[in-house]
Amino acid sequence: MTGERSAAARAVGATKVYGSGAAEVRAIDDVTIAFDAGRFTAIMGPSGAGKSTLMHCVAGLDTLSSGQVFVGDVELGSLSDRQLTVLRRERIGFVFQSFNLLPALDAEENITLPLTLAGTRPDRAWIDAVVTTVGLGDRLSHRPAELSGGQRQRVAVARALASRPQIIFADEPTGNLDSRTGAEILTFLREAVDELGQTIVMVTHDPVAAAYADAAVFLADGRVRDRVEGPTARTVLDRMSAFEAETMGRSR
Amino acid sequence: MTRIALKGLWARRRRLVGSFAAVFLGVAFLAGALVLGDTMNASIGRFFGQAYAGTDASVRGATNVSDAPTGERGTIDAGVVDRVRRVPGVATAEPVISGSGQLLGRDGRAIAVLGPRTAGNWLTDPRLNPYHVVQGRAPRADDEVVVNRATAIKGRLRVGDLTAVLTPQRVPVRVVGIARFGDEDGFGGTSFTAFTLAGARRYVARTPDRVSGVSVRAASGVSQGELVRRLRGVLPAGTEAVTGRALSREGMNAVTKGFLTMFRAFLLAFAGIALLVGTLGIHNTFAITVAQRSRESALLRAVGASRRQVLASVITEALVLGLTASVAGVFGGLGFAALLEEVFTAMGAALPVGGLVVTTVTVAVAVAAGVVVTLLSCLLPAVRASRTPPVAALRETEAERPGVSRGRAVGGGALTAAGVALLAGSVAAGDSMAAAGAGAVACVAGMVVLGPVAARPAGALLGVPLRGVTGALARRSTAREPRRVAGAATALMVGIGVVTLLTVLAASARTSVRDTVARSFGGDLVITTGSSIGGGFDPRLAGDVARLPQVRAAAGLGTGGARIDGRAVRVAYADPAALARMLDLGSAASLAPGRLAVSRTVARAHGWRTGTPLTVLFADGARRTLTVGGTYEPGGPAGDYLMPRADWLAHDPQPQDTTVLIALRPGVGTTEGERAVTTAARPYAAPDVRTRADYVEAQASGVNSLLTLVYVMLALAIVIALLGIANTLSLSVHERARELGLLRAVGATRGQIRSMIRGESLIVAVFGTAGGLGIGLLPGWALARAATGGTFAVPAGRLVVIAVIGALAGVLAALRPARRAGRMDILRAVAE
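Everything quoted here is computed from the prediction, not taken from an experiment. (Residues numbered from 1 in each chain as written. Chains lettered and ligands numbered in written order. Predicted model: local features only at pLDDT ≥ 70, side-chain atom pairs only at ≥ 80, totals over all residues. Heavy atoms only, no water.)

1. What about the UniProt feature "domain: ABC3 transporter permease C-terminal" (unreviewed entry) in chain B?
Okay, so step 1: In this numbering, the UniProt entry assigns the feature "domain: ABC3 transporter permease C-terminal" (unreviewed entry) to residues 269-390 and 712-825 of chain B.
Okay, so step 2: With 88% helix and 0% strand, residues 712-825 of chain B has its two end C-alpha atoms placed 41 Å apart. (UniProt positions renumbered as here; feature names shortened; annotations may be inferred. Helix = DSSP H or I, 4+ residues; strand = E, 2+ residues; numbered from the N terminus.)

Structure below.
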């Protein structure tokens, strides 16, 4: 079981049910998946496939109806709200699609926010390295309102990296950006994996974005349907078309 | 459009709870004050109607030495009674004797009712007598009395009990009957002890040939007016006749014009403050909700709504809110009036109150005030909403956060500076009240305008003691919203400001009185009447005390009403030589008979000098000319006018002392002296014996009981301000849902979130409190000096308490919003 031991996070039989009776919706249904340490994994799938739910559950933002989630070797279901909060703060980084930053804080304060919340001193050399990597050196004292969308997202990536988390979850990080700035952000994420050894899980529905990842996992109707190693935009797009055809065929 | 507005209102109803509560409380207070006033008015009317129901006319002394028709009058010749009886159309005429009479209770101590303690004769015609015996019988012998029920209950007296009445001489009596006044146990807080006519003549009037007046009942067919006309024909000079109706009107007016008007003004002033504080809070709420809805407004404009329609929708919302809250407030006011009634009764003010009287005027005024206040508070935000350009709907921007304009800084600064200059000028120019008042108004207005300008730096500064990351975040959030912070803080600022101002004024007045009394009074002990209104004790007490071996000197002091140069004034009478041994009387120390001493204040005001002749009209109708024989320091126990005792006694059949000043022999300790004097005073129903320090303190503390009432009222204003802060915070939490969710996602604990919101609230509250202390202290400085003639005292302890209460208000206000913020669902916040 060496594969499992090197997983940064994993889900076992994870199921999330919303509503009950006739209105019951299984957002994710018996999902078992491991996210390998030091790799960049993309979670793909059409709208409503359960991508975000899976991510939220693995990241400790949401709780499962049944099944287990581990970050490292910690089982999240047994944690109190406070322990979950501390876990998020210390071992998980987040990049959201939008509204990633606190408007009252400047860029640098936003980057070090998780550390400040934990009451730990930031490692200056590491922060400088991160800031240099994402290319924000001259923008550190700016407020979010004074930054462009791309710059804001770079600050968000830097924040996610600042605490050297075990794993970073990115939820459609390029969803609100044009393709050029989107490509920049994805490059940073790629570099974080290659050069800093970071583990990243990214939810996206964009095949081009998925092509930056080491592996792409395909979700449909709350289940893992396929996994592609070394995806390219082409292979991802083909898979997705195949799934859609299959889904439509089934529903017919 | 109205429908859209109403739908919007309904959708946002939770956010409007705070505004609703603010309007509700303000209107409830206003309605409560009005209802209580009307209720008291009505019951007072009923009281006097009852008192004079069977009296068709009253004959009395024509001289009135007070400005109220019900005031002190001298006695008239008893022969008038027979003259009246002979007038055709008179069915019954009974002499009335009334005077002061302190009844002693079962324990031998004075029964301390809240009103005057009176004694007189029991009228035998039940229709002339407003009292009726409910237990026992009417008095038959000179030493038998009927007592009103409330007094009997308070003194634990029953029919058959032996006790005494001080008139002020001690008269042993037997209680033979308990009486009620109409449907009540007494006439307000007045105690009434009724002798037979002979008994009253012997003990109260102390002469067979003088009476206080004559009550007359007309034969059937003779109107009150006609009766009075006929009586006038036979009355000697110095007496007058009035109808029963006029009498009851006079009595009513005396209460309503005096006490009730003040009482009403007092309550209405606080209702005004409550509404003002409420307005500030509502304004802030509207400003925030309107800003939050700017995209919605813009969308309405984009799909074709006119500016007027957007304006109308906001105004409709305010109208509905104002109207529902005001109507609810009127009902709340009824409860409030009932509660106030209880509070005042519990605090010892006996108010004659029956069922609550609710007039159309009350309802109209209260509802109108509530609606107008709500409309006014939403006017600016409504106009701002209507100005939202349609294109704003398409922008991905947050609710706009307008900065603070330069004009505000300059205007507010100028106003404040002008106010401070006026205040300083007032003090420099010998404490001018006009300048101090104008300065105070300018100062307050200036500081309210400056609020948002000061909020950012003040918030940053005040936030410094807040620890850790949550403190820093709280500081940032407040700095980001200077206008909201100032808006929420202003309400608290006004509330705290008024409290501070009154506290400073009261402390200054206290200090001023204390200083004056302490400076002028050199004795060791003082006997006072304690709680008795208009009562006193036997003047022989001063003599008894003076004869004690421990006592070096004792001087009694009495007071009464007289007209000097046409003005109704209170005159103190004493033996000037004895008085001067303990009281600094200045040039009045050797006041000769036939002369009058006046305080320097009065002398300066009227331009009187030693030797100025003054006409004095006594209650018995006598007019004498007394010359000014000296002047003394004002503010002491002698008041403003002092007359030799002998000159006063000639015109007062029932003299009483209200104060005895005592100096002990050297070597006699205060405790020893106090014990001896207390023993000597025991036969006089044990009036209060106080040490010099106690007496000085007691003279000064008259201000305090009023202040307590003021604090109770103002607590409401603080509660409303607190609601405002809580509301602003709730809205801000709602608005920042995503921000809070993000904070939680990246690792803030619930505790950290709560602590951040509490920090914000604390900054707002401390900012408001500090501003309030400022607007209380600065104008208080000039106003107190102007009011007391140069005294300004800062009651540090009380101010610290006020500051702590202000800060606590902040913590309290944050309770609910902080809890909600802590519970914020992370997913909903970040995944919206």
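Having seen it, we continue.
2. What about the pairing of strand 19 (residues 613-617) of chain B?
All names here are of chain B.
Okay, so step 1: In this sheet, strand 19 lies alongside strand 16 (residues 551-564) in antiparallel orientation, the contact comprising 2 bridges. Note that in strand 19 the partner of I564 across the bridge is V616.
Okay, so step 2: Where strand 19 lies against strand 20 (residues 623-632), 5 bridges are found, and the strand directions are antiparallel. Residue pairing in the sheet places T615 in a bridge with T625 of strand 20. (Pairing = 2+ DSSP bridges.)

3. Things to note about the environment of G751(B)
Okay, so step 1: Within the secondary structure layout, G751(B) lies in helix 23 (residues 750-788).
Okay, so step 2: As a C-alpha pair, G751(B) and R819(B) span 68 residues in sequence and 9.2 Å in three-dimensional space.

4. A word on the confidence of the model for chain A
Okay, so step 1: Looking at chain A, pLDDT values average 85 and 96% of them are 70 or higher.
Okay, so step 2: When mean pLDDT is compared element by element in chain A, strand 8 (residues 200-203) of chain A scores highest at 94, while helix 1 (residues 2-5) of chain A scores lowest at 43. (pLDDT = per-residue confidence, 0-100.)

5. Focus: the nonpolar core
Across soluble globular proteins, nonpolar side chains have a tendency to be buried as a group.
Okay, so step 1: By size, the foremost hydrophobic cluster in this structure holds 131 residues, and its most contacted members are F169(A) and L743(B).
Okay, so step 2: Two domains share this core, each providing at least three of its residues, namely domain 1 (1-59 + 255-398) and domain 3 (414-521 + 702-832) of chain B.
Okay, so step 3: Those residues in contact with L743(B), other than ones at most four positions away along the chain, are L102(A), L113(A), L117(A), L473(B), A748(B), I753(B) and M756(B).
Okay, so step 4: Membership of the second largest hydrophobic core comes to 43 residues, among which are F40(A), V95(A), L177(A) and A213(A). (Core = buried A, V, L, I, M, F, W, Y, C linked by side-chain atoms within 4.5 Å. Buried < 20%, exposed > 50% of the residue type's maximum accessible area, 1.4 Å probe, protein only. Domains from an automatic or database assignment. Contact = heavy atoms within 4.5 Å.)

6. Concerning the packing of aromatic side chains
Okay, so step 1: As enumerated under the stated definition, the model contains 14 aromatic pairs over all chains in all.
Okay, so step 2: Taking 5.2 Å as the distance between ring centres and 75° as the angle between the ring planes, the aromatic pair formed by Y131(B) and F181(B) counts as edge-to-face. With Y131(B) in strand 7 (residues 131-136) and F181(B) in strand 10 (residues 170-181), this residue pair connects regions lying 50 residues apart in the sequence.
Okay, so step 3: By way of ring pairs, the aromatic residues F48(B), Y131(B), F181(B), F187(B) and F192(B) are connected into one cluster.
Okay, so step 4: It is R10(A) that lies over the ring of F70(A); its NZ or CZ is 4.1 Å from the centre.
Okay, so step 5: Across the ring face of W126(A), the terminal group of R164(A) is positioned such that the distance to the ring centre comes to 4.5 Å. (Phe/Tyr/Trp six-rings, centres within 6.5 Å; stacked < 30°, edge-to-face > 60°. Lys NZ or Arg CZ within 6 Å of the ring centre and 35° of its normal.)

7. A short note on empty space enclosed by the protein
Residues and elements named next belong to chain B.
Okay, so step 1: All told, the structure shown has 6 cavities of 30 Å³ or more when counted by the stated rule.
Okay, so step 2: Approximately 160 Å³ is the volume found for the largest cavity.
Okay, so step 3: Taken together, 16 residues make up the lining of the largest cavity; nearest its centre are E481, V485, T728, S732 and E760.
Okay, so step 4: For the lining of the largest cavity, the secondary-structure elements that each account for two or more residues are helix 13 (468-480), helix 14 (482-520), helix 21 (702-735) and helix 23.
Okay, so step 5: Per element, the largest residue contribution to the lining of the largest cavity is 5 residues, and it comes from helix 21.
Okay, so step 6: When grouped by side-chain class, the residues that make up the lining of the largest cavity number 5 nonpolar, 5 polar and 6 charged. (1 Å grid on protein atoms, 1.4 Å probe; cavity = no way out; pocket = protein on both sides within 12 Å on 5 of 7 lines; lining within 4 Å. Points joined across faces, edges and corners; volume = space filled by probe spheres on them. Nonpolar A, V, L, I, M, F, W, Y, C, P; charged D, E, K, R; others polar.)

8. Considerations on the interface of chain B and chain A
Okay, so step 1: Chain B puts 21 residues into the contact, and the matching count from chain A is 25 residues.
Okay, so step 2: Between chain B and chain A lies a buried interface of about 2200 Å² when both sides are counted; carbon and sulfur atoms form 66% of it.
Okay, so step 3: Counting across the chain B and chain A interface gives 2 salt bridges.
Okay, so step 4: A salt bridge links R750(B) to D81(A); its shortest N-O distance comes to 2.9 Å.
Okay, so step 5: Elements represented by at least two residues in the side of chain B that touches chain A include exactly helix 13, helix 22 (737-745), helix 23 and helix 25 (826-830) of chain B.
Okay, so step 6: Element by element, the count of residues in the side of chain B that touches chain A is highest for helix 22 of chain B, at 6 residues.
Okay, so step 7: For the side of chain B that touches chain A, the residue count by class is 11 nonpolar, 3 polar and 7 charged. (Buried area = accessible area lost by both parts, 1.4 Å probe. Salt bridge = Lys/Arg side-chain N within 4 Å of Asp/Glu carboxyl O.)

9. Here we look at the packing of helix 11 (residues 406-428) of chain B against helix 23 of chain B
Residues and elements named next belong to chain B.
Okay, so step 1: The geometry of helix 11 relative to helix 23 is characterised by a closest axis approach of 9 Å and an angle of 25° between their N-to-C directions. By the angle between their directions, the pair helix 11 and helix 23 is classed as roughly parallel. Crossing geometry of helix 11 relative to helix 23 is assigned as left-handed. Here helix 11 contributes V420, L423, A424, S426 and V427 to the contact with helix 23, which in turn contributes L778, P779, W781, A782 and R785.
Okay, so step 2: Class assignment of the residues belonging to the contact of helix 11 with helix 23 gives a composition of 8 nonpolar, 1 polar and 1 charged. (Axes fitted to C-alpha atoms, helices over the stretch in contact; angles between N-to-C directions. Parallel < 35°, antiparallel > 145°, perpendicular 65-115°, else oblique. Left-handed = near helix turned anticlockwise from the far one by under 90°.)

10. A word on unusual backbone geometry
Note: most residues except glycine have negative phi, and most peptide bonds are trans.
Okay, so step 1: Cis rather than trans, the peptide bond between T167(B) and P168(B) has omega equal to -10°.
Okay, so step 2: A positive phi angle is found at D30(A), which is not glycine, with a value near 55°.
Okay, so step 3: Assignment of secondary structure puts D30(A) in strand 2 (residues 25-36).
Okay, so step 4: A positive phi angle, close to 45°, is found at R164(A), a residue other than glycine.
Okay, so step 5: Among the secondary structure elements, R164(A) is positioned in the loop between helix 7 (149-162) and strand 7 (167-171).

11. Some thoughts on the environment of G522(B)
All names here are of chain B.
Okay, so step 1: By the secondary structure assignment, G522 is in the loop between helix 14 and strand 15 (525-528).
Okay, so step 2: For G522, a relative accessible area of 52% corresponds to the exposed category.
Okay, so step 3: Remark: the alpha-carbon pair of G522 and L661, spanning 139 residues in sequence, is separated by 9.1 Å.
Okay, so step 4: For G522, the residues in contact, after removing those within four places along its chain, are M582 and R692.

12. Quick look at helix 12 (residues 433-462) of chain B
Residues and elements named next belong to chain B.
Okay, so step 1: If you check helix 12, its first and last C-alpha atoms are just 35 Å apart, much less than what 30 residues at 1.5 Å a residue would give, namely 44 Å.
Okay, so step 2: The largest bend along helix 12 reaches roughly 55° and is located at G451, with the proline P452 sitting one to four residues downstream.
Okay, so step 3: Within the span of helix 12, buried status applies to A436, G439, A440, A442, C443, G446, G451, P452, A455, A458 and G459.
Okay, so step 4: Those residues of helix 12 that are buried are in contact with helix 11, helix 13, helix 14 and helix 23. (Expected span 1.5 Å × (residues − 1). Bend = angle between axes of the 7 residues up to and from the residue.)

13. Focus on the UniProt feature "domain: ABC transporter" (unreviewed entry) in chain A
Okay, so step 1: Summarizing the sequence annotation, UniProt attributes the feature "domain: ABC transporter" (unreviewed entry) to residues 9-246 of chain A in the numbering used throughout.
Okay, so step 2: As annotated, residues 9-246 of chain A comprises 38% helix and 26% strand, and the C-alpha atoms at either end are separated by 30 Å.

14. Re the sheet that holds strand 14 (residues 239-243) of chain B
Residue and element names in this part refer to chain B.
Okay, so step 1: Here 4 strands make up an open sheet; going across it, the order is 3-13-1-14 and the pairing antiparallel. Of all the strands in the sheet, just strand 3 (90-96) and strand 14 have a single pairing partner and so form its edges. For this sheet, the mean angle separating the axes of adjacent strands, direction not counted, is 20°.
Okay, so step 2: Bridge count for strand 1 (residues 57-61) against strand 13 (residues 213-218) is 4 bridges, and the pairing is antiparallel. Bridging from a neighbouring strand, S58 pairs with S215 of strand 13.
Okay, so step 3: On top of the sheet, helix 7 (residues 244-292) reaches strand 1 and strand 14; it is set at about 90° to strand 14, its chief contact.

15. Quick word on the domain arrangement of chain B
Residue and element names in this part refer to chain B.
Okay, so step 1: Looking at chain B, the domain boundaries give domain 1 (1-59 + 255-398), domain 2 (98-211), domain 3 (414-521 + 702-832) and domain 4 (531-686).
Okay, so step 2: Centre-to-centre, using C-alpha coordinates, domain 3 lies 48 Å away from domain 4.
Okay, so step 3: The interface is formed by 5 residues belonging to domain 3 together with 9 residues belonging to domain 4.
Okay, so step 4: With both chains or domains summed, domain 3 and domain 4 bury close to 540 Å², and 64% of this area falls on carbon and sulfur atoms.
Okay, so step 5: Of all residues in domain 3, the largest losses of buried area upon contact with domain 4 belong to T516, S520 and F521, amounting jointly to 79% of the total for that side.

16. Concerning the sheet that holds strand 9 (residues 215-220) of chain A
Backbone-to-backbone hydrogen bonds join strands into a sheet, with any given pair of strands oriented parallel or antiparallel.
Residues and elements named next belong to chain A.
Okay, so step 1: In spatial order, the strands read 6-7-8-3-9-10; together these 6 strands make up an open sheet with mixed pairing. Both outer strands of the open sheet, strand 6 (92-95) and strand 10 (223-229), are each paired with one neighbouring strand and no more. The mean inter-strand angle of the sheet, taken between neighbouring strand axes irrespective of direction, is 20°.
Okay, so step 2: With 6 bridges connecting them, strand 9 and strand 10 associate as antiparallel partners. Residue A220 lies in a different strand from strand 10, and its bridge partner there is R223.
Okay, so step 3: Contacts from helix 3 (residues 81-91) reach strand 6 and strand 7 within the one sheet, and its direction differs from that of strand 6 by about 75°.
Okay, so step 4: Each of strand 6 and strand 7 touches helix 7; the most contacted strand, strand 6, lies at about 175° to it.

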